[in-house]
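Architecture and fold: a report
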Amino acid sequence: MTRSSTRVDQIGKLLAPYLARIFLRGPLAKTLPLLESYVAFVQGKGSGTGWDMQVETHIAISHIRRPDAILFDIGAHQGE
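Predicted model only: the values in this text are computed from it and were never measured.

On to the overall build of the chain. Within the chain one finds three helices and zero strands. Helices and strands appear in the chain in the N-to-C order α-α-α. Evaluated residue by residue, the chain yields a buried proportion of 2% over its 80 residues. Put simply, the chain shows about 7700 Å² of open surface, and 64% of that area lies on carbon and sulfur atoms.

Written out as structure tokens, the structure is:
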């Protein structure tokens, strides 16, 4: 592990309890599971069909409402 990633881990562990209090109480507590479900659906997670670039692209395109939209595909693994 590099020095910077170790520092990020330390900061994350320090902030986690405070962020949990902010996001898991009040109105956000009910909203976050819905948002998580929506994002998982858009990504095709849990469908039992595996990952498919054409399906993912089709779903993303169907949610674009502007001709000048900008999309960021931020993944955590090697992809196309």
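Still to come is the rest of the account.
A contiguous nonpolar surface patch, about 870 Å² in accessible area, is contributed by Ile 11, Leu 14, Leu 15, Tyr 18, Leu 19, Ile 22, Phe 23, Leu 24 and Leu 28. Broken down by element, the nonpolar patch gets its largest block of residues, seven residues, from helix H1 (residues 3–23). Inspection of the secondary structure puts Leu 15 in helix H1.

With that out of the way, let us pick up the confidence of the model for the chain. With 75% of its residues at a pLDDT of at least 70, the chain reaches an overall mean of 75. Element-level mean pLDDT values for the chain span from 76 in helix H3 (residues 53–62) up to 83 in H1.

Cut-offs used in this document
Numbers given to residues run from 1 along each chain, matching the order in which its sequence is written. The predicted origin of the model limits local features to residues at a pLDDT of at least 70 and limits the giving and counting of side-chain atom pairs to 80 or more, whereas totals for whole chains, interfaces and linings rest on all residues. Values reported for side chains reflect all heavy atoms of the structure, with hydrogen atoms and water molecules removed beforehand. Each helix is a run of H or I in the DSSP string that is no shorter than four residues. Each strand is a run of E no shorter than two, and both are numbered from the N terminus. Relative accessible area decides the class of each residue, using a 1.4 Å probe on protein chains only: under 20% of the type maximum gives buried, over 50% gives exposed, and in between gives partly exposed. Where accessible areas are quoted, they stem from the Shrake-Rupley method and a 1.4 Å probe; at the residue level, only the protein chains shown are allowed to cover. Patch definition: residues with relative accessible area over 30% and no salt bridge; like charges joined within 9 Å; nonpolar side chains (Val, Leu, Ile, Met, Phe, Trp, Tyr) joined within 5 Å. We count a salt bridge whenever a side-chain nitrogen from Lys or Arg sits within 4 Å of a carboxyl oxygen from Asp or Glu. Every residue gets a pLDDT, meaning the predictor's confidence in that residue, from 0 to 100.

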